[in-house]
Amino acid sequence: MESADGQRGRDGGSLRRSPLDVLMSQIRRKRSATDRKPLGRFLSWSSDRTGISEDAETEGREERGQREGVSDGSESSCNMGWGRVCVFLQRLGKKADSRSLSLAHCDLTATDLLELATLLQFLPQLEELDVSWNELIGGCLRALTSHLQHVGGVRVLKLCSSRLNTDDITALGEALGCLPLLEILDLSWNSGIGGGTLQGLLGNLQPSLRELHLVSCQLNAADAVALGGLVSSLPSLCMLDVSCNPHLSQEVNCGFMELASSLSHASCLTTLRLQACGLTADSLEALAGSLHCLLSVRELDLSCNKGLSGGLNHLTPHLAHLTHLESLNLHLCCLTRDDLDALIQVLPSLTALTELNVSSNKEVGGVVHQLVSALPLTQMRHIPLNSCGLNKESFTAFALAVPYLHSVDVSWCKVVGGHLALLLDALQPSVVLELRLSSCELTTDDLYHLAAACQRGSLSSLRLLDLSYNGSTGDEGWSTLFAAGGLSSLEEVDLSLRPSTLAPSSAWLPALLCALPRLPALTRLGLQRWTMTSQERQQLNHSLRKRSVLLDWDPQSQDMMSSFKASNQENLEESQPEE
């Protein structure tokens, strides 16, 4: 007879086995061979987590099972991690993308940022990270930057309007070494960056950086010095945008001078934007010294700098070095007649120019003929002249350039009213894409001419039509325009009235409703301050219901009209003498 100990050994049991082992062995005996396989997988997974050993029945496959267990565990961990990423993004109303993570305007909190940071390890292929417009994460950026080593392939990093402070920029600077492929860094609309905070990025930006955006960051003269140091160390920099920093050039001698001179090292620079930076004539003189080194510049934006009025001659002689310049923006700079004369002299040298923006400069109205004569008209695509004080002569001269333009903008020029036919007759089919005629005092006859242009196909490629603030046109004009057709490419149209105006749309709304099926590309319709009955509103909504058309109107305009009429009636009754 076998001993009791031998019997226990054959059963696979011993006094040292745990109760759980005994229980599991009994379960295995009761299951068939086919039923054991799922349980075996469960036990293999449990074995890695609890240390429970396999039954003697599976010991022959133990080594192979361990290898498979490691592989399956790695894949399972990866899948679980990606699942966490998907759940996190779904909660924020976003779709998961392994290469692009956009969380702009998501009201992220510090807790969300921390959770996001822990998920970066599951996004090794990430190339673009955007957490802009989340103002609650300011002061907590280190929670994210401390995990950036997991996404070393990031090429685009956007942190706009996130209330970043000095600690955030310092943390970002320390982490930039983990992003050797970074090409675009956008920190715009963070006022906390100004006042010397920019120093935290010195020596940390990678040579691969191609674009640096610091729009509206309250940069001052000290930041201009730091920015100069940054630019000098970025040999691949193609775009520098520091617009809307009015104090950047406050101290030209010690601040902006440093930045301007550093630009001579940015030989790859193609876009330089200095809009609303408080530039003066002295600023232009400092900038001019570096232009001979910026032979690759294609876009130069100096707009909204009223302080350079009267000093453009410091810059214009040096513009001739920019032989590849395609876009020059000088709108709203209070240009004087001398400024314009200096500009006109250099224009023939800018043979690559396709866009010249001198709008919102009243003196331009007197030199349009000279401007048009100096420009390479056949290649010009944009010459906006809105708010330029045009007269009939200058409007006629502008018509010479219209056949080549993709965008025609003469808004806020009252001379257009009654003379629109002159401009429309110059349009070439399939060329003009935008037509802006806001506040031009258009007449009913002007709309008739516009309708005729549509019928002959002159506006067949038009995508944007702005007829806002032209309330003096008659109802017949609007009806004729909508009935004309020929606007199948139109994406945006604005018919809004001035804020102080209200008018009924009942006379021409049927024509618009009939025209909507012939506007398949329409995405936005502006009808502010036009009133309509509840039934007309329902008809319009029904027509746009199945189309992704943004209806820009005043839902309460009918109530406003009723209040307006009631108020007028009360005033009229009060003004009548008593009998």
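So, here is what we can say about the structure in this document. (Residues numbered from 1 in each chain as written. Predicted model: local features only at pLDDT ≥ 70, side-chain atom pairs only at ≥ 80, totals over all residues. Heavy atoms only, no water.)

## Regarding the overall build of the chain
Within the chain, the secondary structure is distributed over 20 helices and 18 strands. Counted over contacts in the chain with a minimum sequence separation of 6, partners at least 24 positions apart contribute 83%. (Helix = DSSP H or I, 4+ residues; strand = E, 2+ residues; numbered from the N terminus. Contact = heavy atoms within 4.5 Å.)

## Quick look at the environment of histidine 314
Topologically, histidine 314 is positioned in the loop between strand E8 (299-301) and helix H11 (316-319). Among the residues examined, histidine 314 registers a relative accessible area of 31% and is labelled partly exposed. Each C-alpha atom, one on histidine 314 and one on glutamate 285, is 5.3 Å from the other, the two residues being 29 residues apart in sequence. When neighbours within four sequence positions are excluded, histidine 314 is seen to be in contact with Ala281, Leu284, Glu285 and Ala288. (Buried < 20%, exposed > 50% of the residue type's maximum accessible area, 1.4 Å probe, protein only.)

## With respect to the sheet that holds strand E4 (residues 184-186)
The strand order across the open sheet built from ten strands is E1-E2-E3-E4-E5-E6-E7-E8-E9-E10, with neighbouring strands paired in parallel fashion. One side of each edge strand has no neighbouring strand; the edge strands of this open sheet are strand E1 (100-102) and strand E10 (355-357). The sheet shows a mean angle of 5° between the axes of neighbouring strands, direction not considered. By the bridge criterion, three bridges tie strand E2 (residues 128-130) to strand E3 (residues 156-158) in an arrangement that is parallel. Considered in E3, the bridge of leucine 129 is made with leucine 157. (Pairing = 2+ DSSP bridges. Axes fitted to C-alpha atoms, helices over the stretch in contact; angles between N-to-C directions.)

## Here we look at the pattern of salt bridges
Counted under the stated rule, the structure contains 14 salt bridges. A salt bridge links arginine 91 to aspartate 112; its shortest N-O distance comes to 3.8 Å. Here arginine 91 is found in helix H4 (residues 62-91), whereas its partner aspartate 112 is found in helix H5 (residues 110-119), with 21 residues between them in sequence. Assessed through its relative accessible area of 14%, aspartate 112 is described here as buried. Where salt bridges share partners, they join Arg91, Asp112 and Glu115 into one cluster. (Salt bridge = Lys/Arg side-chain N within 4 Å of Asp/Glu carboxyl O.)

## Re the sheet that holds strand E14 (residues 492-494)
The strands that make up a sheet are held in pairs by hydrogen bonds between backbone atoms, and each pair lies either parallel or antiparallel. Overall, parallel pairing links the six strands, which are arranged E11-E12-E13-E14-E16-E18 in an open sheet. Unpaired on one side and paired on the other, strand E11 (407-409) and strand E18 (550-552) mark the two borders of the sheet. Each strand axis lies, on average, 5° off the axis of its neighbour in the sheet, ignoring direction. The pairing of E11 with strand E12 (residues 434-436) spans three bridges and is parallel. Paired with valine 408 across the strands is leucine 435, a residue of E12.

## Notes on the environment of asparagine 204
Among the structural elements, asparagine 204 can be located in the loop between E4 and strand E5 (211-213). Along the chain, asparagine 204 and alanine 175 lie 29 residues apart, while their C-alpha atoms are 8.3 Å from each other. Aside from chain neighbours lying at most four places away, what touches asparagine 204 is Gly173, Glu174 and Leu176. Reaching out from asparagine 204, the side chain makes a polar contact with the backbone oxygen of glycine 173 at a distance of 3.4 Å. (Polar contact = N/O pair within 3.5 Å; in protein donor to acceptor, adjacent residues only side chain to side chain.)

## Here's the deal with the packing of helix H16 (residues 444-455) against helix H17 (residues 475-484)
One way to put it is that H16 packs onto H17 with a least axis distance of 8 Å and a crossing angle of 5°. With respect to H17, the axis of H16 lies roughly parallel. Between H16, through Thr444, Leu447, Tyr448, Leu450, Ala451, Cys454 and Gln455, and H17, the contact on the second element is made entirely by Glu476, Gly477, Trp478, Thr480, Leu481 and Ala484. Residues that form the contact of H16 with H17 fall into these classes: eight nonpolar, four polar and one charged. (Parallel < 35°, antiparallel > 145°, perpendicular 65-115°, else oblique. Nonpolar A, V, L, I, M, F, W, Y, C, P; charged D, E, K, R; others polar.)

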